[in-house]
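Summary of the model geometry
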Amino acid sequence: MCGIVGYIGDKVTTEVLLKGIENLEYRGYDSAGIAIANENKIQIIREVGKVSKLKEKLEKEKLITSSFGIAHTRWATNGEVSLKNTHPHNVGKVTLVHNGIIENADKLKERLLKKGYVFKSKTDTEVVAALLDNYLKTKSEKQALLSMVKQLEGSFALVIMIEGKDYLYAVRNKSPLVIGSLKDEKYIASDIPAIAEFTKDYLLLEDLEIAKVTKEEVEVYDQKGKKVKRKVKRIDVTNEIIDKQGYEHFMLKEIMEEPRVLHNLLDIYLDHLDDLDISRYDNVHIVACGSAMYAGMIGKVLLEEKAHIDVTVEVASEYRYKKNIYRDKTLVILISQSGETADTIAALRIAKANHQDTLAIINTKNSTIDREADKTFYIEAGVEVAVATTKAYILQVALLSLMAYVTAKKKSLLDVDECIEVINHFKALPRLIQNILKDNELYKKIAKQLYKHDNIFFIGRKMDYAMCLEGSLKLKEISYIHSEAYPAGELKHGTISLIDKGLPVIAIMTDKKLKEKMLSNIKECEARYAKMFIITSEVIDEKDTTIVVKKTDQFTQTLLVVPILQMIAYNVALLRGCDIDKPKNLAKSVTVE
Ligand code: F6R
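Numbering of residues begins from 1 in every chain and follows the order in which that chain's sequence is written. Side-chain atom pairs in this predicted model are given and counted only at pLDDT of 80 or more, local residue features only at pLDDT of at least 70, and totals for whole chains, interfaces and linings cover all residues. Based on all heavy atoms of the structure, the side-chain values leave hydrogens and waters out of the count.

**Details of the domain arrangement of the chain**
Quoted interface sizes are often the accessible area lost when the parts come together. In terms of domains, the chain is made up of domain 1 (3-240) and domain 2 (250-575). These domain boundaries are the output of an automatic or database domain assignment. Summarising the inter-unit geometry, the C-alpha centres of domain 1 and domain 2 are found 38 Å apart. Working rule for contacts: check all heavy atoms of both residues, and any pair within 4.5 Å makes them a contact. Contacts between the two partners involve 13 residues from domain 1 and, on the opposite side, nine residues from domain 2. Definition used for salt bridges: Asp or Glu carboxyl oxygen within 4 Å of a side-chain nitrogen of Lys or Arg. The interface formed by domain 1 and domain 2 includes zero salt bridges. Counting of polar contacts relies on pairs of N or O atoms within 3.5 Å, with two restrictions inside protein: one atom must be capable of donating a hydrogen and the other of accepting it, and residues adjacent in sequence are counted only when both atoms are side-chain atoms. In this structure, the connection of domain 1 to domain 2 is made through zero residue pairs in polar contact (both at pLDDT 80 or more). Following the grouping adopted for this structure description, the nonpolar residues are Ala, Val, Leu, Ile, Met, Phe, Trp, Tyr, Cys and Pro, the charged ones are Asp, Glu, Lys and Arg, and the polar ones are all others, Gly among them. When its residues are assigned to classes, the side of domain 1 that touches domain 2 shows seven nonpolar, no polar and six charged.

See the structure below:
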């Protein structure tokens, strides 16, 4: 994971670097550091914690005049969160920052120890620095870099400075790296957002390529050392202002944006619904991670039940290593907000290697998954800053619902009246969600009854179960309360033994056909003195812990429950004083396995 930045040009180096890693903090925020340089000297400043802490430290430092530099924001993989493990790392003539994991670092380290290298950190990155420094003793820069790349196993994006040289090197393998190119200044970064405010022109390095980056130009070499041409591309996203706009947290701001972004999504797709039709496939693999995978689980229920398509949903980190069975007409759908999740990228590549059609549901344009999938449907959420996804998740669900609807319609599985009703429900969603979000007093009241508990359960069936998984994930990741989501009928096969007096159980019940079954499961919990909170679109005996949502249809019903779960999680985390936008140990974009 981690975010890396490099800059060479006439701007104030520290300002560009800090802005760059600030924009990349969604990739990790355990610690941060920069190295700035001129032809004679390299100065490294590092700090544990977020980029803001590094900024404070820099204000107290006497900085050298610099015309280039590199920076890093870390999500710890090799070695604990500490100053000594913070990037940049320096060994001999080499100073570098790294995103990725070097899988053979231990073996390489052993060899380098024998050559007399001493290591100050526990990182694989320092091993890379030593490896390159060692090659530089006997080889030209280019040959040394080529030898280094040959030796490294795993994933890496590196920005490298060599003592006494006034240029940067960039190298990558399986970790993204972009080079922003303006006349007389160049930017290197893990991702386009880090540099989008500085330049719209960029080029992408392919795996195992090496770029020598001076102020004036970028020379790219392939793994044989042959010079190759890389096309300069243009970023086609407008620069969004990344600002909380008065909200206390990005997460709250992003939840509040849901009616608007949903309206936007419907605006884009309702006029071109046929584009979303997947009726020519009889088998779909949905592959994703975390919330994106839970969105896929809702898609599965709808595609199976309404469009009669056989769907499997798989966690990408499993999919990439298991035997996948493809049929004649299989479509592999990859869902990812960032488009940079390492496991989802690997799953996409496996599907392609097996000659399967691939479709990405993506937020971030020009991301790796966007570029490599055969086809992309954009959810157009805009930038999502909070680590816990909210608006992107609801749009993923909405897009899958639209796909299921149009596919069912194409297969004549819906009658005309049903189609009219569903479309009307879709159109009403933004307004209904806006009303749901106005009820914050209710969510605060519920949160007050939840926030002191150590364990919270969610139960539901079918799509409601899929939502339980997301509700539970949202709650635990930002409030650090342990939570489990269970298919309601499964509780009695073991987990019910954990239900004690006062334990909160959140039951979601929106499926009319399963109402009686759910009510029995709720009674089973009540019989063990659980404290029930029920979110439902059914008519039931209401208590002050019941939240009633308007009854719509299966395609749109979940979209009215999702914001409630998000608001409950948000308010619980708020009462517990958690760092809501940047929960501990997490990162927005998971670019390592
Ligand atoms: C949870 C969350 C994660 C992501 C997952 C996939 O709130 O945000 O579970 O959904 O890491 O990320 P993307 O969608 O970027 O592939």
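**Some thoughts on the sheet that holds strand β16 (residues 283-288)**
By definition, two strands form a pair when at least two bridges between them are found by DSSP. Each helix is a run of H or I in the DSSP string that is no shorter than four residues. Each strand is a run of E no shorter than two, and both are numbered from the N terminus. Taking strand neighbours across the sheet as the criterion, the five strands line up as β17-β16-β18-β19-β20 in an open arrangement whose pairing is parallel. Each edge of the open sheet is held by one strand with a lone partner, namely β17 (310-315) and β20 (375-378). Between one strand and the next, the sheet's axes are offset by a mean angle of 20 degrees, whatever the strand orientation. The sheet contact formed by β16 and β17 spans six bridges and is parallel. Bridging across to β17, N283 finds its partner in D310. Between N-to-C directions, angles cover 0 to 180 degrees, with each direction set by a line fitted to C-alpha atoms, over the stretch in contact for helices. In the packing of helix α8 (residues 290-307) onto the sheet, the strands contacted are β16, β17 and β18 (330-336), and the crossing angle to β17 comes to about 170 degrees. Strands β16, β18, β19 (357-362) and β20 of the sheet are contacted by helix α12 (residues 391-410), whose axis makes an angle of about 135 degrees with β19.

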